[in-house]
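Next come the chains, spelled out residue by residue.
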Amino acid sequence: MDNRPIGIMDSGLGGLSVMRIMRRQMPHESLIFVGDQGHFPYGTKSGDQIRRYALNIGRFLVQQQVKMMVVACNTATAEALPLLQKELPIPVIGVVVPGATAAVSAPRHRRVGVIATNATTANGIYPRTIHQLDPAVKVFPLATQPLVTLVEKRQTGTKRAQRLVDQLLAPLAQDNLDALIMGCTHFPFLKAEFRHFFGPNVLLVDPAVETVKQVQCCVRQDKRLASADQRGRVRLYSTGSAAHLTRGARAWLHDTSLFGHHLVLPD
């Protein structure tokens, strides 16, 4: 047994979509979440900046004695995962491979859309990863950066949110998609808007769900499961507004006891 916490990072609040599933599926695990809101959004930053921010967060999490790090950010996964895996003395899991694998494993997956930040789209990591799994898949990548800010401001479930989704996803409307990868951990909070846009026949792939399955597999294989007789604790840190993180976490995790702390890291 290993009662050390699992560390989770994101550029903002989107990684709470991963934490939400982890708390439900792995209730005995303690979690430490770092939202890098002081540098939000990652999708408009350079690769060097993103790697530096992610490594600083990784080093902080190692200092907190985490047993594993989950990069709950597609942009940070695309730009920084190999560096984190090389530099940190703990297992580090990203969200891209689990999401791509889930899409390719679906019964219908000949035509797969990927919505993501500007940086993730420009990196091309999803088409590369999907084609490594199945070269025959036709991939339709689309940058939808403004949706990240919409979620960060907690404006999901509004008429404005639906209008923006309809506007930004319009280029995919005639592509006859089999599946859509929500290639940013902010985007599962807009799942209702995506479903309304595409209708019932397009599979919506949430990399957060698949990532948590990989985390579960990893802790079991490495015999790092927390004791079943404990309830996992949660610590929340923001490099920006701790109050903003607190409000988001309480709303999306449905737990009014959560409280965010401000975190100062090297730039």
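Residues numbered from 1 in each chain as written. Predicted model: local features only at pLDDT ≥ 70, side-chain atom pairs only at ≥ 80, totals over all residues. Heavy atoms only, no water.

Overview of the overall build of the protein
Helix and strand counts for the protein stand at eleven helices and ten strands. Whereas a compact globule of 267 residues would reach a radius of gyration of roughly 18 Å, the protein reaches 17 Å, a difference of no more than 12%. In terms of overall dimensions, the protein has a C-alpha envelope of 50 × 40 × 35 Å along the principal axes. By residue count, 59% of the 267 residues in the protein fall in the buried class. In the protein, of all internal contacts separated by at least 6 residues, the share reaching a separation of at least 24 is 78%. Carbon and sulfur atoms provide 51% of the accessible area of the protein, an area that totals close to 11,400 Å². Each charge class in the protein can be summarised by its mean position, and for the 31 positive and 19 negative side chains these summaries are 3 Å apart. (Helix = DSSP H or I, 4+ residues; strand = E, 2+ residues; numbered from the N terminus. Rg over C-alpha atoms; globule rule 2.2 N^0.38 Å. Buried < 20%, exposed > 50% of the residue type's maximum accessible area, 1.4 Å probe, protein only. Contact = heavy atoms within 4.5 Å. Areas by Shrake-Rupley, 256 points an atom, 1.4 Å probe, with all protein chains shown as cover. Lys, Arg positive; Asp, Glu negative; His and termini not counted. Charge placed at Lys NZ, Arg CZ, Asp CG, Glu CD.)

Overview of the packing of aromatic side chains
This model, assessed by the stated rule, comprises five aromatic pairs. A centroid spacing of 6.2 Å and a plane angle of 80 degrees characterise the contact between Phe-187 and Phe-194, whose relative ring orientation is edge-to-face. Note on accessibility: Phe-187 and Phe-194 belong to one class, buried. Measuring from centroid to centroid gives 4.1 Å for Phe-189 and Trp-252, while their planes differ by 15 degrees, and the two rings are stacked. Residue Phe-189 is found in the loop between β7 (179-182) and α9 (191-198), and its partner Trp-252 is found in helix α11 (residues 242-253); the two are separated by 63 residues along the sequence. On the accessibility criterion, Phe-189 (10% relative accessible area) is buried. Of the residues examined, Trp-252 reaches a relative accessible area of 11% and is grouped as buried. Geometry around Phe-140 places Lys-138 over its ring, the cationic atom sitting 5.8 Å from the centre. (Phe/Tyr/Trp six-rings, centres within 6.5 Å; stacked < 30°, edge-to-face > 60°. Lys NZ or Arg CZ within 6 Å of the ring centre and 35° of its normal.)

Considerations on the sheet that holds strand β1 (residues 6-10)
Here we have six strands laid out as an open sheet, ordered β4-β3-β1-β2-β9-β10, and parallel in their pairing. Strands at the two margins of the open sheet, each flanked by one partner only, are β4 (92-93) and β10 (260-262). With respect to the sheet, helix α10 (residues 207-221) is in contact with β1, β3 (68-71) and β4, its orientation differing from that of β3 by roughly 165 degrees. (Pairing = 2+ DSSP bridges. Axes fitted to C-alpha atoms, helices over the stretch in contact; angles between N-to-C directions.)

By themselves, these figures tell us nothing about what the structure is for.
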